[in-house]
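In case you want the letters, here they are:
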Amino acid sequence: MMNMFFRYLMVVITLFATAGCSKRLDETSLPTYIRINDIYYTQASLPFENGKYLTTNYRRGVLLPINTQVILQEITDDEILLEILSSHAKLRIENVQKHTGDTTTQAFPKLLAKNKVDLSSFSELEREKINAGQVANGMRKKAVIAAIGYPPITETLTLESNQWTYWSSRFNRFIVYFENDRVTRIQD
């Protein structure tokens, strides 16, 4: 009887231990735009802390500029593991699906692509702010996305809205207001 109890206990412990583990995605099941060991470019400026970027998109930490070259090392059902080519540093992107509304493979092209973002279509001010990972009055919506990424869907239900809410940190938010596709003000 005691032996049966310990077996049951071990099964329960094993189930709890593996419940939080990420499932590595098999390369043959990935969309054609995702290939392990391929080089990609960041599609927005990504701030990260301690080697991790959350798709919740907190605006703090070290800035990884737009068009930074990276190598995809691994992708799981909730993480993207990269090597930043210029420094050989590792970066783990954690997809927080309740904030992106996307699976990891759906979030991937919003963050990474085979080609650089063509910055020539942006104004001088927009290019300056995009490279700094900042927003300023007069920027178009597509420039804001290039500069600071997508707002969490829990705060901004649609990009058609004229009010996008971002998080500076877990407890602080800021709102970007638009009129006619241009930033009119930023409220901290």
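Before reading further, recall that the structure is shown in the block above.
Residues numbered from 1 in each chain as written. Predicted model: local features only at pLDDT ≥ 70, side-chain atom pairs only at ≥ 80, totals over all residues. Heavy atoms only, no water.

**Re the overall build of the protein chain**
Thought 1: Counting secondary structure elements, the protein chain contains five helices and 11 strands.
Thought 2: Partitioning the contacts of the protein chain with sequence separation of at least 6, the portion at a separation of at least 24 is 51%. (Helix = DSSP H or I, 4+ residues; strand = E, 2+ residues; numbered from the N terminus. Contact = heavy atoms within 4.5 Å.)

**What to know about the sheet that holds strand S10 (residues 173-179)**
Thought 1: The three strands lie next to each other as S9-S10-S11, forming an open sheet whose pairing is antiparallel. Every other strand in the sheet has two partners, leaving strand S9 (163-167) and strand S11 (182-187) as the edge strands with one partner each. Strand-to-strand, the axes of this sheet are offset by a mean angle of 25 degrees, without reference to chain direction.
Thought 2: The pairing of S10 with S11 spans five bridges and is classified as antiparallel. Residue Ile-175 lies in a different strand from S11, and its bridge partner there is Gln-187.
Thought 3: Together, S9, S10 and S11 form the strand contacts of helix H5 (residues 141-148), whose direction differs from that of S9 by roughly 5 degrees. (Pairing = 2+ DSSP bridges. Axes fitted to C-alpha atoms, helices over the stretch in contact; angles between N-to-C directions.)

**Things to note about the environment of Leu-81**
Thought 1: Within the element layout of this structure, Leu-81 appears in strand S6 (residues 79-84).
Thought 2: With sequence-adjacent residues up to four places away left out, Leu-81 is seen in contact with Ile-71, Leu-72, Gln-73, Glu-74, Leu-91 and Arg-92.

**A look at helix H3 (residues 104-111)**
Thought 1: Taken residue by residue, H3 has Thr-104, Thr-105, Ala-107, Phe-108 and Leu-111 as its buried positions. Along the axis of H3, the buried positions cluster into a sector of 155 degrees, meaning they face one direction only. (Buried < 20%, exposed > 50% of the residue type's maximum accessible area, 1.4 Å probe, protein only. Arc of directions from axis to C-beta.)

**Notes on the side chain of Lys-129**
Thought 1: Positionally, Lys-129 belongs in helix H4 (residues 124-132).
Thought 2: Buried and without a salt bridge, Lys-129 has Glu-128 as its closest oppositely charged side chain, separated by 4.4 Å.
Thought 3: If sequence neighbours within four positions are ignored, Lys-129 has contacts with Gln-134, Ala-136, Met-139 and Ala-147. (Lys, Arg positive; Asp, Glu negative; His and termini not counted. Salt bridge = Lys/Arg side-chain N within 4 Å of Asp/Glu carboxyl O.)

**Section: the packing of aromatic side chains**
Thought 1: In the structure shown here, the tally under the stated rule is five aromatic pairs.
Thought 2: Taking the centre distance of 6.4 Å and the plane angle of 40 degrees together, the rings of Tyr-33 and Phe-108 count as tilted. With Tyr-33 in the loop between helix H1 (2-19) and strand S1 (39-42) and Phe-108 in helix H3, this pair connects stretches of sequence that are 75 residues apart.
Thought 3: A relative accessible area of 36% means that Tyr-33 is categorised as partly exposed.
Thought 4: Through a chain of ring-to-ring contacts, the aromatic side chains of Tyr-33, Tyr-40 and Phe-108 assemble into a single cluster.
Thought 5: Over the ring of Tyr-150 we find Lys-110; its NZ or CZ atom is 5.1 Å from the centre of that ring.
Thought 6: Here the basic side chain of Arg-185 rests over the ring of Tyr-177, its NZ or CZ set 3.9 Å away from the ring centre. (Phe/Tyr/Trp six-rings, centres within 6.5 Å; stacked < 30°, edge-to-face > 60°. Lys NZ or Arg CZ within 6 Å of the ring centre and 35° of its normal.)

**Side note on unusual backbone geometry**
Thought 1: Despite not being glycine, His-88 has its phi angle at roughly 65 degrees, a positive value.
Thought 2: Along the polypeptide, His-88 turns up in the loop between S6 and strand S7 (89-94).
Thought 3: Phi angles above zero are rare outside glycine, and Asn-180 is one such case at about 55 degrees.
Thought 4: Secondary-structure assignment places Asn-180 in the loop between S10 and S11.
Thought 5: On the basis of relative accessible area, Asn-180 is assigned to the exposed category, the value being 68%.

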